[in-house]
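Per-entry structural report
One letter stands for each residue in the lines below.
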Amino acid sequence: MNIREEYIKAGKIASEVRDSLRKDNLLGKRLLDVCKIVEERIKQKGAKPAFPCNICLNEIAAHYTPSPKDTTVIKEGDVVKIDIGVQVDGFIADTAITLGYNSNYDLLILATEKALKKALKVVRNEVKISDIGRAVESTALIYNFKPISNLSGHSIEQYIIHAGKSIPNVWVPSTQTLKKGEICAIEPFLTTKEGAGSVKDAEYGNIYALIARKRLKDKRLNDLIEILWENFKTLPFTPRWLLKYYDDYDEVSSLILQLFKSKVVRAYPILKEAKGGIVAQAEHTIALTEEGCIILTE
Ligand code: MN
Ligand code: MN
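Now for a description of the structure that goes with this document. (Residues numbered from 1 in each chain as written. Chains lettered and ligands numbered in written order. Predicted model: local features only at pLDDT ≥ 70, side-chain atom pairs only at ≥ 80, totals over all residues. Heavy atoms only, no water.)

Turning our eyes to something else, we now look at helix H4 (residues 129–142). Across its 14 residues, H4 extends 20 Å between first and last C-alpha, which sits within 8% of the 20 Å expected from 1.5 Å per residue. Among the residues of H4, Ile129, Ser130, Ile132, Gly133, Ala135, Val136, Thr139 and Ala140 are the ones counted as buried. Where H4 ends, the next residue or the one after it, asparagine 144, has phi of about 70 degrees, a positive value. (Helix = DSSP H or I, 4+ residues; strand = E, 2+ residues; numbered from the N terminus. Expected span 1.5 Å × (residues − 1). Buried < 20%, exposed > 50% of the residue type's maximum accessible area, 1.4 Å probe, protein only.)

Turning our attention to the coordination of the manganese ion (ligand 2). Binding of the manganese ion (ligand 2) to the protein goes through Asp94 (OD), His154 (NE2), Glu187 (OE) and Glu283 (OE), at separations of 2.1 to 2.2 Å. Read N to C, the donor residues that coordinate the manganese ion (ligand 2) are spaced as D-x59-H-x32-E-x95-E. If you look at the manganese ion (ligand 2) and the manganese ion (ligand 1), they sit 3.1 Å from each other and are both ligated by aspartate 94. Taken together, the residues glutamate 187 in the loop between strand S11 (183–186) and strand S12 (189–191) and glutamate 283 in the loop between strand S15 (279–281) and strand S16 (284–289) connect sequence positions 96 residues apart. (Donors = N, O, S within 2.8 Å, 3.2 Å for Na, K, Ca; no water.)

The five strands lie next to each other as S9-S8-S11-S16-S17, forming an open sheet whose pairing is antiparallel. Strand pairing shows two members of the sheet lacking a second neighbour, strand S9 (166–167) and strand S17 (292–295), which therefore form its edges. Sheet analysis places strand S8 (residues 153–156) next to S9, joined by two bridges and oriented antiparallel. Within the sheet, the bridge partner assigned to glycine 153 lies in S9 and is isoleucine 167. (Pairing = 2+ DSSP bridges.)

Further remarks concern the packing of helix H1 (residues 5–23) against helix H2 (residues 31–44). At a minimum axis distance of 10 Å, the contact between H1 and H2 shows a crossing angle of 140 degrees. Looking at the two axes, H1 sits oblique to H2. H1 and H2 meet at a crossing whose hand is right-handed. Contacts between H1 and H2 involve Ile13, Val17, Ser20 and Leu21 on the former and, on the latter, Val38, Arg41 and Ile42. The class makeup of the residues in the contact of H1 with H2 is five nonpolar, one polar and one charged. (Axes fitted to C-alpha atoms, helices over the stretch in contact; angles between N-to-C directions. Parallel < 35°, antiparallel > 145°, perpendicular 65-115°, else oblique. Left-handed = near helix turned anticlockwise from the far one by under 90°. Contact = heavy atoms within 4.5 Å. Nonpolar A, V, L, I, M, F, W, Y, C, P; charged D, E, K, R; others polar.)

As structure tokens, this is what we get:
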């Protein structure tokens, strides 16, 4: 079965950029600079970020990207999740790694990678999503860790990062299956037994996405809506990406806030472990075929 060449290209670039980070020493680097490096490497390889590089420390599980004012630095003791999205004409590859600068969590990171491997082993045409969840959950339990039960993988379609199907990280009573032709991200998140095994919404971060392309009364807002549509369609973006159109970060932030209040864009809350447990993540994007599954981001 043929997989679109755009998916193959996006997957290759995403995995190259991800693996390049393993060779970098990120200690002492600002989160902002790491994100800029990731996004720049994606562009150098001839693709675009499918969403702002997410860089989440310790108990933050997902949806954090720094603003230009963020001076946070990666330091000894941190567990750093870096989640990378690459798109080629809207065809998306989504992959993540956890880098540990704290040996107390080496096993957590290893178990998360094992859980992803285990999950990928059960994926085939017509696999039940509950079997994928069970594979993640049972691997976590073997190591005495907890899967994050309210974070899941997802199906992917052109320009749609979460295309409808959720792929759980725990066993769920569902008969839903994955089928040949589908593109999916599988992404276990694990925490320690001190954690709740779930995330809760924290404050809004710096990640947004266009939900409606409607006209408003303010020309500046309408111009911004067109910029968002032209550049990102319905994919997530961050205000720091718009600085080439606006002189000032506060200006663009306030315009986006107005779009949020007008329900033209959605905002993603930062997701934190509910009891402050340290979280690790691993993620691959796969293409399901008649013969099995192809890992696009291997
Ligand atoms: Mn991801
Ligand atoms: Mn994902």
